[in-house]
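# Fold and contact review
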Amino acid sequence: MLYTVNQMKKLTYLLSAIVLSAIVFTAKAEAQTTQQPVSSPTNSTSNDEKNIEALLNQASEDIDKGNLTAAIAKCDAILKIDKQNFAAYVFRGLANTGLKQYQVAVTDFEQAIQINPNSHYSYFGRGFARYHLKLYQESLADFDQTIKIEPEYAHAYYWRGISKGFLGNKQGAISDLRTAAELYKKQGKPEDAKDALDLIEKIS
């Protein structure tokens, strides 16, 4: 293993917060393009759509504030109205990840992937949860797919690098961490870039 237990606990805590906040701000916008249009809207349908939008906003705020159990309750309410709501599964997956209910989170992200297989957030979320379950090979595959869909998603390179490290691929880990650092710099995230470079130093 390339990292100490204490190092990994610290990294997991810091990066988990960054990742959760990064995904939550964009999942709703992406979900809007995923929802199927209603051909003949009724008053009931219109009310359902308004309720879903309000619940999504509340769930997003709950996640931002760390009220993860409340966010899950909002997502459950959405899914009672719309069983195919992409954002609800993503948000619930994020909340379950934050609560360290990683296997439940994996199931949520798998539902999101079925609804929209072109979303890199869903694959990343599942890979992130699988990483915490120590399913490093499976998480690696999810990070690969994330990068295939979104080649400049820095978090995917970072966590793919760490997964490679646990699988004994030191050079692959360094390469991915270096790419993550470059992307973080490009995206105006110098602290994240420094974290990646510091980790390279520790394992070189």
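Report follows, based on the coordinates. (Residues numbered from 1 in each chain as written. Predicted model: local features only at pLDDT ≥ 70, side-chain atom pairs only at ≥ 80, totals over all residues. Heavy atoms only, no water.)

### Considering the overall build of the chain
The cut-off we apply is this: A helix here means a DSSP run of H or I that spans at least four residues, while a strand means a run of E at least two residues long, and both kinds are numbered starting from the N terminus. Type-normalised accessible area, obtained with a 1.4 Å probe on protein chains alone, sets the label of each residue: buried when under 20%, exposed when over 50%, and partly exposed for intermediate values. Pairs of residues are marked as contacts when any of their non-hydrogen atoms sit within 4.5 Å.
Summing up its helical and strand segments, the chain has 10 helices and 0 strands in all. Listing every helix and strand of the chain by position from the N terminus yields α-α-α-α-α-α-α-α-α-α. Out of the 204 residues belonging to the chain, those deemed buried represent 49%. When contacts within the chain are restricted to residue pairs at least 6 apart in sequence, long-range pairs at least 24 apart make up 60% of them.

### Regarding helix α4 (residues 86–98)
What counts here: For a helix, the expected span equals 1.5 Å multiplied by the residue count minus one.
In this model, α4 (13 residues) spans 19 Å end to end at C-alpha, consistent with the 18 Å of a helix rising 1.5 Å per residue. Burial within α4 is extensive, with 12 of its 13 residues counted as buried. When we look at burial in α4, the residues that qualify are F86, A87, A88, Y89, V90, F91, R92, G93, L94, A95, N96 and T97. Where α4 ends, the next residue or the one after it, K100, has phi of about 65°, a positive value.

### Regarding the nonpolar core
The condition that has to hold: We call a set of buried Ala, Val, Leu, Ile, Met, Phe, Trp, Tyr and Cys residues a nonpolar core when their side-chain atoms join them within 4.5 Å.
Counting 27 residues, the largest nonpolar core has F124, Y131, Y158, W159, I162, L177 and Y184 as its most contacted members. Put simply, the parts of the chain that give this core at least two residues each are α6 (120–132), α7 (136–149), α8 (154–166), α9 (170–186) and α10 (190–203). Core analysis: the next-biggest nonpolar cluster, separate from the first, contains 26 residues, I72, F91, A95 and I115 among them.

### Considerations on α6
As a reminder, the rule being used: Each polar contact in these results corresponds to two N or O atoms within 3.5 Å; when the atoms are within protein, one needs to be able to donate a hydrogen and the other to accept it, and residues that are neighboring in sequence are counted only if both atoms are side-chain atoms.
The end-to-end C-alpha distance of α6, which contains 13 residues, comes to 19 Å, matching closely the 18 Å that a straight helix rising 1.5 Å per residue would cover. Burial runs high along α6: 13 of the 13 residues are buried. Two to three positions downstream of the cap, the backbone nitrogen of Y121 sits 3.3 Å from a side-chain oxygen, assigning the N-cap of α6 to S119. Just downstream of α6 lies K134, where phi reads positive at about 65°.

### As for unusual backbone geometry
Look at K100: it is not a glycine, yet its phi comes out positive at around 65°. In this fold, K100 is placed in the loop between α4 and α5 (102–115). Here the phi dihedral of K134 falls at roughly 65°; this positive angle occurs in a residue that is not glycine. By the secondary structure assignment, K134 is in the loop between α6 and α7. For K134, a relative accessible area of 63% puts it in the exposed group.

### Some remarks on the environment of Y121
Along the polypeptide, Y121 turns up in helix α6. Take Y121: its relative accessible area is 11%, and that puts it in the buried class. Here the alpha-carbon distance between Y121 and F109, two residues 12 residues apart in the chain, equals 8.8 Å.

### A closer look at the packing of aromatic side chains
Heads up, the condition is: Only centres within 6.5 Å qualify two rings of Phe, Tyr or Trp (six-membered ring in Trp) as a pair; their planes then separate them into stacked at under 30 degrees, edge-to-face at over 60, and tilted for everything else.
One pass over the structure, following the stated rule, counts 11 aromatic pairs. Plain terms: the ring middles of F124 and F128 are 5.8 Å apart, the flat faces sit at 20° to each other, and that makes the pair stacked. You can see F124 and its partner F128 sitting in helix α6, 4 residues apart, about one turn around the helix. Across this residue pair, the class does not change: F124 and F128 are buried.

### What about the pattern of salt bridges?
We count it as follows: Here a salt bridge means any side-chain nitrogen of Lys or Arg lying within 4 Å of a carboxyl oxygen belonging to Asp or Glu.
All told, the structure shown has 12 salt bridges when counted by the stated rule. Each of E110, R126, R130 and D142 takes part in salt bridges that share partners, so that together they form one network.

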